[in-house]
Amino acid sequence: MISTTQLPERFRAIIDEQVSIYNKGRTIEEAASIPDTVDIPIEDPKKWLRIPDVICVFVDMQNSTKLSADSHDKTTAGAYQLFAGSAVKLFSGFEAPYIEVRGDGAFALFDKNQAYRAIAAAVTFKTFANEVCIPRIIEDTGVSIGCHIGIDQKVVLVRKLGLKRYRGRTDKQNEVWAGRPVNMAAKLASKSQNNQLLVSDRFFSNIQNDLVMWSCGCPDNAKKYLWSPVVLTSNEMFDFDRAYLLVSNWCTTHGSDYCDRILGLDEDQ
């Protein structure tokens, strides 16, 4: 225990309260899908929601530490805004139920019945990053940056941690997503190289339609299988043995049509 001479009483009281909450245990309520943020619990200190098969699309900027907020503040600010800000807007356009900025990137959470929407969102951001965002930032900053993207899917627990609402509002609280998907998607992203998308085998098994598995045939009218397996059995970072790698972006001729058709696949499930 922390003694009265070790820490002022007002801070010891906070610690004692948190330990007391911990000792009372947790109650887990099942949720069929990702709730609106206003419905994620915070008032009841014991309550968590459990959501099955949540999909996380995680994107971050490669080599962002080379951007200087000290000597190149305007271009650095612009780079972060173009990359992370565009991720938020695009993921919102693909109707992700939850989006959060994380460091120099962002992640989006999709429900289990949105697997094709999630992959379409990831390929869209990948195309934007490779063909628009990264070249522009390199041109303006001279820094050789890139884009990491990873996707995973599994059960999560969620609640808000922080201060309760006061008069309907506070900015001193945040959602905590406990479980594998966000963590594993971030690690997959870190393992990918620029303009690569790396997904877990458990997510990959849910997107087996030919529209996602095979190319449109451009530019030589020969359809190609788009995915390469990556063995992870010797990597203790992951709780699965295999991932799958995608390099291609949306085709300049057929990408728009493929995107819309892939989005329609969720409705057919």
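The preceding data block contains the structure.
What you see is a predicted model; the values in this text were computed from it and never measured. (Residues numbered from 1 in each chain as written. Predicted model: local features only at pLDDT ≥ 70, side-chain atom pairs only at ≥ 80, totals over all residues. Heavy atoms only, no water.)

### Here's the deal with the nonpolar core
I119, F125, L197, I207 and W227 are the most contacted members of the largest nonpolar core, which totals 49 residues. The element contributing the most residues to this core is helix α3 (residues 115-141), with 14 residues. Filtering out sequence-adjacent residues up to four positions away, L197 remains in contact with I119, A122, V123, K126, I149, G150, I151, W227, Y244, L245 and L246. (Core = buried A, V, L, I, M, F, W, Y, C linked by side-chain atoms within 4.5 Å. Buried < 20%, exposed > 50% of the residue type's maximum accessible area, 1.4 Å probe, protein only. Helix = DSSP H or I, 4+ residues; strand = E, 2+ residues; numbered from the N terminus. Contact = heavy atoms within 4.5 Å.)

### Concerning the pattern of salt bridges
Across all of its chains, the model carries 12 salt bridges by this definition. Two residues, R102 and E100, come together in a salt bridge whose shortest N-O distance is 3.7 Å. A salt bridge links D239 to K154; the shortest N-O distance between them is 3.3 Å. Residue D239 is located in the loop between β8 (227-231) and β9 (242-246), and its partner K154 is located in strand β5 (residues 146-162); the two are separated by 85 residues in the primary sequence. On the accessibility criterion, D239 (30% relative accessible area) is partly exposed. Overall, the relative accessible area of 33% leaves K154 in the partly exposed class. (Salt bridge = Lys/Arg side-chain N within 4 Å of Asp/Glu carboxyl O.)

### Some remarks on the pairing of strand β2 (residues 47-62)
Each regular strand displays side chains that alternate between the two surfaces of the sheet. In terms of burial, β2 is a largely internal element, 12 of the 16 residues being buried. Here 4 bridges tie strand β1 (residues 27-30) to β2, and the two strands are oriented parallel to one another. Its bridge partner being in β2, T27 is matched across the sheet by K47. Looking at chain direction, β2 and β5 are connected through 12 bridges and run antiparallel. Residue pairing in the sheet places D60 in a bridge with H148 of β5. Pairing between β2 and strand β4 (residues 105-110): 5 bridges, direction antiparallel. Paired with F58 across the strands is F107, a residue of β4. (Pairing = 2+ DSSP bridges.)

### Brief notes about the environment of V230
Tracing the backbone through its elements, the reader meets V230 in strand β8. Separated by 130 residues in the primary sequence, V230 and E100 place their C-alpha atoms 28 Å from one another. With residues near it in sequence (within four places) discarded, V230 still touches K191, L198, D241, R242, A243 and L245.

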